[in-house]
Structure formats: C-alpha cells, structure tokens
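# Examination of the molecular architecture
Here's the letter readout for the chains.
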Amino acid sequence: MSQPGLREVEHEITISAPAAAVYRLIAEVQNWPRIFPPTIYVDHVERSATEERIRIWATANGEAKNWTSHRTLDPERLRITFRQEVSAPPVASMGGTWIIEPVSATDSRVRLLHDYRAIDDDPESLKWIDEAVDRNSRSELAALKTNVEAAHAAEDLTFSFEDTVQIAGSAKDVFDFVNEAQLWPERLAHVATVRFEEPSPGLQELEMDTRAKDGSVHTTKSYRVAFPHEKIAYKQVTLPALMTLHTGYWTFAENADGVAASSQHTVTLNTANIAKILGADATVEDARKYVHTALSTNSRATLGYAKDHAENIAQNKAA
C-alpha cells in the first residue's frame, strides 16, 4: 500500500535491441548527455562494482536542476535501482528502478518506475513534479529507443577531439576567463553577443551568437556545469544545422610549467543537412572536417585569448 502523499508511476517502451546491451547503456552514466535529452552532465562521486553515487545535472520543464543519487547495479537481473540523496526543490524525495526484460533475442522491454513526494506534500508542487517526471520519462525512453536502435548506424557519425594549449599562468585565471562567459563579446572576436545566466552557483545557461569564417552568425544555447578551477562541462541544446549532438568540456590541469588548458568536443553529425549546407556532392567526411575545423578554430581562439589573459596576470604579479 502506498504511503499518503507518495506518488508511484511507471513508463515503458519496447526496444529492438538485446536486453543486456540496453542494460549496459543505462549503466554507463557518462553516456547519458548523449542518449537522454534532459541530461546535461553526470559525475561519479563514489563507485564500486555494484554501488555508486552520482551527481546529475538535467533540465526539468525547461529549468536546469541538479541532484545526487545512489544507484545499485544488478547486471544479473538487469535492474538498476536509484534514490536521490539530495533532491532539488520542489522534490522532497525521488527514487525508482530501471527494469530491462528480454522479449526475444533481439528485443527488450524497458520499464522505468518512479516514486516521489513533494515538499510539504504541496499539491501544486506535486503537479509540477508529475509533469516533469512524465515529460522526462517519455523523453528518456524515446531517446533510449532511438539511440540504442540507431547505435550501429550512428557509430561513424559520432566523433570526439580535443585541443590543448600550455599556459604560463594559473589554473584559476584561465578558468575564470572561460567561466566568465558574459564578458566574451568584449574578449573574443568570434562572439557577437551573449545572454548569460547562473541560476545557482556553477550551473549556467549560455546563449550566444558567434561569427563564422564566412561572416554568417549562428545562435547556440548551452547549459554549463562549472567545477572551480578544474573543469567546465557543457551540452548544447540549440545546435548548428550540421549537428544533432554537441557536448564537451574545458579542463585546466596545473603542471610544472603552468597549466594545460584543453577543450574537448563530442559531436554527432546531422546527415540530413549536409547537402543543404555543404553542397550536393559533399560527403560525411567533408562534414566531419568542416565541423571539426569550425569548432576547433573557435576553441583554439578562446584558449589563445585565455592564454594572453592569464599570462598577463602572471607577469604583472611577478613585476
């Protein structure tokens, strides 16, 4: 029997993939920003063979939230139970279970169970949570189905790369330069305008207009998660025409010569727009090179300006 004020709901979907493969995809949380649209970033706090604590940043009803969850992995029974340790208002408590059931050798049923309460059992808050859980569960399951079934086809369309610049300065100064995105129009030649909000410390919404080499201006929106002064992870939610996915992170690793500042990108190409953007004869490899060059050019430009900024500060301190 359910407790008063406790809501229990279930969503399910059938996927054309073996149950064990689906389980592995859900178990590997580092892939979540790629396979679940609401997820911005996931970080391991603690982990063992069957138990882990993870911190999740995701959007709910258009708002960015974060929480910490404890998960128990059961690869034998193909189940993953989860319980939020620290929930974000208006959620008082949240937990549930992923259950993956083989339907045949090539198909599986995924059931996603949730139980939750609202703070003070407030009816309006509970309604908000109902809508968020329903929307996110449907979105997560649909994305899981799409991504698992298309995994083989998309394998050649997803790629990652990284650019690194050595800087004779401090990690803090380089981090600050990248973190203070509201100042980018003054600091970065390729950034025209920026709309920047930080609804809670370290959780950022960044929308900006950037200029391409041909003079055209493109608008993108990202959610960012900042870890001073080590890392800024992000996920673009408004994408250029040649991409269906763009996630990445900036890292700032101190070493004997200062700091190695890196920009990493993971991209999935949008093949439907290749001919429209690059011409009828353009190939997937042409699109890969175009996107890689465009992103790398902007990243290296930003890292170059960050290098000048941090090294000027270091020189002034030494003077």
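Above this text you will find the structure in question.
In what follows, the accompanying structure is described. (Residues numbered from 1 in each chain as written. Predicted model: local features only at pLDDT ≥ 70, side-chain atom pairs only at ≥ 80, totals over all residues. Heavy atoms only, no water.)

### Examining the overall build of the protein chain
The helix and strand inventory of the protein chain stands at eight helices and 14 strands. Expected size for 319 residues packed as a compact globule is a radius of gyration near 20 Å; at 22 Å, the protein chain falls within 12% of this value. Overall, the protein chain is about 70 × 50 × 40 Å in size when its C-alpha atoms are taken along their principal axes. Residues counted as buried form 46% of the 319 residues belonging to the protein chain. Side-chain charges in the protein chain split into 33 positive and 46 negative, and the spacing between the mean points of these groups amounts to 1 Å. (Helix = DSSP H or I, 4+ residues; strand = E, 2+ residues; numbered from the N terminus. Rg over C-alpha atoms; globule rule 2.2 N^0.38 Å. Buried < 20%, exposed > 50% of the residue type's maximum accessible area, 1.4 Å probe, protein only. Lys, Arg positive; Asp, Glu negative; His and termini not counted. Charge placed at Lys NZ, Arg CZ, Asp CG, Glu CD.)

### What about the sheet that holds strand β7 (residues 108-118)?
Strand order in the open sheet formed by seven strands is β1-β7-β6-β5-β4-β3-β2, with antiparallel pairing between adjacent strands. Two strands lie at the open edges of the sheet, namely β1 (7-15) and β2 (39-47), each paired on one side alone. Within the sheet, the average angular offset between the axes of one strand and its neighbour, ignoring direction, is 20°. Across 11 bridges, strand β6 (residues 91-102) lies against β7 in antiparallel orientation. Considered in β7, the bridge of M94 is made with Y116. Relative to β6, helix α1 (residues 19-27) is tilted by about 155°, and along the sheet it contacts β1, β3 (51-60), β4 (63-74), β5 (79-86), β6 and β7. (Pairing = 2+ DSSP bridges. Axes fitted to C-alpha atoms, helices over the stretch in contact; angles between N-to-C directions. Contact = heavy atoms within 4.5 Å.)

### Points about the pattern of salt bridges
Applying the stated criterion across every chain yields a total of 21 salt bridges. Between D121 and R117 there is a salt bridge, with the nearest N and O atoms lying 3.0 Å from each other. Note on D121: relative accessible area 37%, which makes it partly exposed. A relative accessible area of 21% places R117 in the partly exposed class. (Salt bridge = Lys/Arg side-chain N within 4 Å of Asp/Glu carboxyl O.)

### Observations concerning the sheet that holds strand β13 (residues 243-255)
One open sheet holds the seven strands; their spatial order is β8-β14-β13-β12-β11-β10-β9, and the pairing between them is antiparallel. Looking along the sheet, the strands with just one partner apiece sit at the ends: β8 (158-167) and β9 (191-200). Direction aside, the axes of adjacent strands within the sheet are offset by 20° on average. Sheet strands touched by helix α8 (residues 284-318): β8, β13 and β14 (258-269). Its angle to β8, the strand with the most contacts, is close to 20°.

### Focus on the pairing of β8
Only one face of β8 is buried: it carries F159, F161, D163, V165 and I167, and the other face, with T158, S160, E162, T164 and Q166, is open. Where β8 lies against β14, 10 bridges are found, and the strand directions are antiparallel. Residue pairing across strands places Q166 opposite A260, the latter belonging to β14.

### Side note on the side chain of H11
If you trace the backbone, H11 turns up in strand β1. A polar atom in the side chain of H11 sits 2.8 Å from the side chain of D134. (Polar contact = N/O pair within 3.5 Å; in protein donor to acceptor, adjacent residues only side chain to side chain.)

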